[in-house]
Amino acid sequence: MKILYYSAHPTLSLHAQTGPGTHMREIINAMRELGHEVHPVVMADRIGIASSPTLPSRKNRLKTVLKKAVPSIIW
């Protein structure tokens, strides 16, 4: 049977080493082991967004610190 494995989520990559990436790979591998032809279409991989966890960028860390330090009325 031909199966299209589709994920429309914009940040869940098939190649991520996190839970969702592992889940997708294992499901695809299991279907292939059963003899099915699987064609994965994962939107995060198509638009170039990876979901692998990375450290926050310096800019994001600075923004987080400033939001905590500056009163919300000014922010």
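Note: the structure precedes this text.
This structure is a prediction, so every number in the text was calculated from the model and none was measured. The residue numbers shown here count from 1 along each chain, following its written sequence. Under the rules for a predicted model, residues below a pLDDT of 70 receive no local features and side-chain atom pairs below 80 are neither given nor counted, while totals for whole chains, interfaces and linings still include all residues. For side-chain calculations, the full set of non-hydrogen atoms in the structure is used, while hydrogens and water are omitted.

Colleague: What is the right way to look at helix α1 (residues 19-33) in this model?
Modeller: Two residues of an α-helix separated by three or four positions point the same way, owing to the 3.6 residues in each turn. Note on conventions: DSSP H or I runs of at least 4 residues are helices, E runs of at least 2 residues are strands, and numbering of each starts at the N terminus. One less than the residue count of a helix, multiplied by 1.5 Å, gives the span that helix is expected to have. In this model, α1 (15 residues) spans 21 Å end to end at C-alpha, consistent with the 21 Å of a helix rising 1.5 Å per residue. Burial here depends on accessible area, computed with a 1.4 Å probe over protein chains only, as a share of the maximum for the residue type. Under 20% is buried, over 50% is exposed, and the range in between is partly exposed. Among all positions of α1, only G21, M24, I28 and M31 are buried. Buried residues along α1 cover an arc of 105° about the axis, so they all sit on one side. α1 presents E26 and E33 as exposed residues on the side facing more than 90 degrees away from its buried surface. An arc is given here, and it is the one of the directions from the helix axis to the C-beta atoms.

Colleague: I would appreciate a short explanation of the pairing of strand β1 (residues 2-7) in the present structure.
Modeller: If a strand is regular, its side chains alternate between the two faces of the sheet. Because side chains alternate across β1, one face comprises the buried residues I3, Y5 and S7, and the other comprises K2, L4 and Y6, none of which is buried. The rule for pairing is simple: two strands pair if DSSP sees at least two bridges between them. Two elements, β1 and strand β2 (residues 37-42), share 6 bridges in a ladder whose sense is parallel. Considered in β2, the bridge of L4 is made with H39. Clockwise travel from the first strand over the helix to the second, with the strands pointing away from the viewer, marks a crossover as right-handed. Where the polypeptide runs from β1 across α1 and back to β2, its parallel neighbour, the crossover connection is right-handed.

Colleague: Got a minute to help me understand the nonpolar core in this structure?
Modeller: The term nonpolar core refers to a set of buried residues drawn from Ala, Val, Leu, Ile, Met, Phe, Trp, Tyr and Cys, joined through side-chain atoms within 4.5 Å. Formed by I3, Y5, L14, M24, I28, M31, V38 and V42, the largest nonpolar core amounts to 8 residues. Only β1, α1 and β2 provide two or more residues apiece to this core. Among the elements that make up this core, the one with the highest residue count is α1 (3 residues).

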